[in-house]
Amino acid sequence: MKKALVIFLALAMVCSVFAAEPAAEVSIAEFKGDASVTFGFDLDTLKTGFKNETSASLKLNLLKGGEKSTTGDGVWGELQVKIKDVQVVTKVDKASELTDKKVSIEVAKIHFGPVYMGIKSGDFDYGGDFLFPNALNYKDDTDDFVKNPAKKLGYDQGFILGYKHKSDIVKVEASFRSKKETSEKLDKVEALFLKKDTKIKEGEYYSTAEGAFDKDTAKDYFTAGAANLDTTTDPKVKKVKATVLVYKRVMTDDKTTYWTNKYAVGLYAEVKPIKDLRIGLGGAYVIGNLNTSVKDDADNKNDISVFAGTDYRFNINEKFFIQPAVAYTLYCDYLAKSDAYNIATNKLGMGLRFGFGGSKDSNSLLKDFFGKEMVYNSKKEDDKILLPGVSVFSEVDFTQNNLAKKIPLLVSFYSGEIVKGLNTAAFAYARLGYAFGSDEDKDVQTGAAASYDIKAGDITIVPALGVLFSYDKNGSNNTYELGTEAKVDVKGLVDNTTFTLAWDNGRYTFGTGAKHKNGEITLKAKIAL
């Protein structure tokens, strides 16, 4: 009977009729380049000089992305295979490379009428698509202020049983997952220098190469280098006093085992009672290892994860709308030694956007001017979509000692095309808790930038100005920073050429460690395709 069931499932997934599919396509998607010369005057050193820059890229389409899906009715296997456009990208002084060329399985389900069995791997990612609106789409590197999903538990093998109403009003899914384990082996020992103030943990670095190779605890720099380490408020973290040579174990994956007897279960329900309103509720429980009754904290045993969220879009008219979103996550970490639960995560995130107009694929002037200096800055390349409107976001962390000092408030604004030729962006951030003084972020930061296209026949003059103010309290030290940027672009005076007069990197610090940087005056001529 078991063998028959396995054969049935395999045939249901494989022996189905496929629909449309990707097609080979050789065409030029993008071919651009530019060259510029800049004359600069450093206002601090009073030195001058020239700078030449060139840039060019070619994107050649090889394969038009698409998907291939099975079809059926009643009891049938659904499989959707997808691939994005495959391109060859060539840039100046760099080897050609292919863009994302991975084929992905988007859907893998066996349908029994309105009930289905999903057989893809996946963790308990409840709430991952409940996004907080943000006009400037600024993110931090962990996406904490863009979405607030339930914590992933590390159990991603298994299946789900689900029900979805044909009108998409109700969806319910029960997940049954197990944990795979991948062992590691030593690949090499690497020598490196740690700079002053580098934070380290136990087992990260060793004082000798032999100690790192043997994983000798007596050579662990966390204890062996005590004379060159300062303690921090976290007993598990120390800080390097002076630059030092250390050794690190570099590991690589070894073998993967799927049959571990470690399980977790979850349940998620989502309803859409009216158009554009969504309410989701999910929870997961880690059973852990079935083979042992020994109490330990390994593999998140007995941990509980909960998510609840709702989002809505109310359309005032064709252009204007209001978009609120709320998400709550709770993670209870079981502590075996005390046989009790510790609330590790207890967050409520709230966002509201008053929007007007469609999105725009572009960086904001603020990001162009100040980039990584901003509190909300991401290294990711997919955060360039601007959302015209005003957005407000805040997150309350109810865990112990966090409620007083980690309540961020972010207000962001992007003008879109309300006034033709005007491009404005602004934001204000503050930590609302009464206990300022974390060295992780600025406590207060606000910025604004604007540009305006001035037409004069065939010539377009675009003046732009940006300012960024920051306040940071670290212990008894108070630091105030003011950043300024300004430029004027002149286009159309010479075909295909833009002339730019700019004042860059004006930075002024007041309070503790006061210092000023007057920046640079530059004049640039840039030719572009």
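These remarks concern the structure in this document.

Criteria and thresholds
Residues numbered from 1 in each chain as written. Predicted model: local features only at pLDDT ≥ 70, side-chain atom pairs only at ≥ 80, totals over all residues. Heavy atoms only, no water. Patch = residues over 30% accessible without salt bridge, like charges linked within 9 Å, V, L, I, M, F, W, Y side chains within 5 Å. Areas by Shrake-Rupley, 256 points an atom, 1.4 Å probe, with all protein chains shown as cover. Salt bridge = Lys/Arg side-chain N within 4 Å of Asp/Glu carboxyl O. Helix = DSSP H or I, 4+ residues; strand = E, 2+ residues; numbered from the N terminus. Buried < 20%, exposed > 50% of the residue type's maximum accessible area, 1.4 Å probe, protein only. Polar contact = N/O pair within 3.5 Å; in protein donor to acceptor, adjacent residues only side chain to side chain. Contact = heavy atoms within 4.5 Å. Pairing = 2+ DSSP bridges. Phe/Tyr/Trp six-rings, centres within 6.5 Å; stacked < 30°, edge-to-face > 60°.

**Overview of a nonpolar patch on the surface**
- Together, Val37, Phe39, Phe50, Ile418, Val419, Tyr452, Ile454, Ile461, Val488, Leu501, Ile521 and Leu523 line one region of the surface with nonpolar side chains, adding up to about 1000 Å² of accessible area.
- Elements supplying a minimum of two residues to the nonpolar patch: strand 1 (23–42) and strand 33 (520–528).
- Assignment of secondary structure puts Val419 in the loop between strand 25 (408–414) and strand 26 (422–431).

**Notes on unusual backbone geometry**
- Even without being a glycine, Asp168 presents a positive backbone phi close to 65°.
- Within the fold, Asp168 resides in the loop between strand 9 (157–164) and strand 10 (170–178).
- Overall, the relative accessible area of 30% leaves Asp168 in the partly exposed class.
- Notably, Asn300 is not glycine yet its phi reads approximately 60°, a positive angle.
- Among the structural elements, Asn300 can be located in the loop between strand 17 (277–289) and strand 18 (304–312).
- Note on Asn300: relative accessible area 22%, which makes it partly exposed.

**Things to note about the side chain of Arg507**
- Tracing the chain through its elements places Arg507 in strand 31 (residues 497–511).
- Side-chain polar atoms of Arg507 contact the side chain of Glu373, separated by 2.9 Å.
- At a separation of 3.3 Å, a polar atom in the side chain of Arg507 contacts the main-chain carbonyl oxygen of Thr484.
- Excluding residues that lie within four positions of it along the chain, Arg507 makes contacts with Phe369, Phe370, Glu373, Leu482, Gly483, Thr484, Glu485, Lys515, His516 and Lys517.

**Describing the pairing of strand 7 (residues 103–112)**
- In the sheet, strand 4 (residues 75–83) pairs with strand 7 via nine bridges, with the strands oriented antiparallel. Opposite Leu79, over in strand 7, you have Ala108 as the bridge partner.
- Summarising the sheet, strand 7 and strand 8 (residues 115–118) pair through four bridges and their orientation is antiparallel. When the sheet's bridge partners are listed, His111 is paired in strand 8 with Tyr116.
- Remark: two residues form the turn of the hairpin made by strand 7 and strand 8, two consecutive strands paired antiparallel; Gly113 in that turn has positive phi of roughly 70°.

**As for the pairing of strand 18**
- Residues of strand 18 alternate between two faces, with Ser305, Phe307, Gly309 and Asp311 buried on one and Ile304, Val306, Ala308, Thr310 and Tyr312 left unburied on the opposite face.
- Looking at chain direction, strand 17 and strand 18 are connected through nine bridges and run antiparallel. When the sheet's bridge partners are listed, Gly282 is paired in strand 18 with Phe307.
- One ladder, built from eight bridges, connects strand 18 with strand 20 (residues 320–335); its direction is antiparallel.

**Points about the packing of aromatic side chains**
- In this structure the tally under the stated criterion is 14 aromatic pairs.
- Taking 6.1 Å as the distance between ring centres and 50° as the angle between the ring planes, the aromatic pair formed by Tyr258 and Trp259 counts as tilted.
- The partly exposed category is assigned to Tyr258, whose relative accessible area is 38%.
- Judged by its relative accessible area of 78%, Trp259 falls in the exposed class.
- For the pair Phe320 and Phe356, a centre-to-centre distance of 6.1 Å together with 55° between the ring planes defines the contact as tilted. One end of the pair, Phe320, is in strand 20; the other, Phe356, is in strand 21 (residues 340–356), and 36 residues separate them in sequence.
- Linked through ring pairs, Phe124, Tyr126 and Tyr268 together constitute an aromatic cluster.

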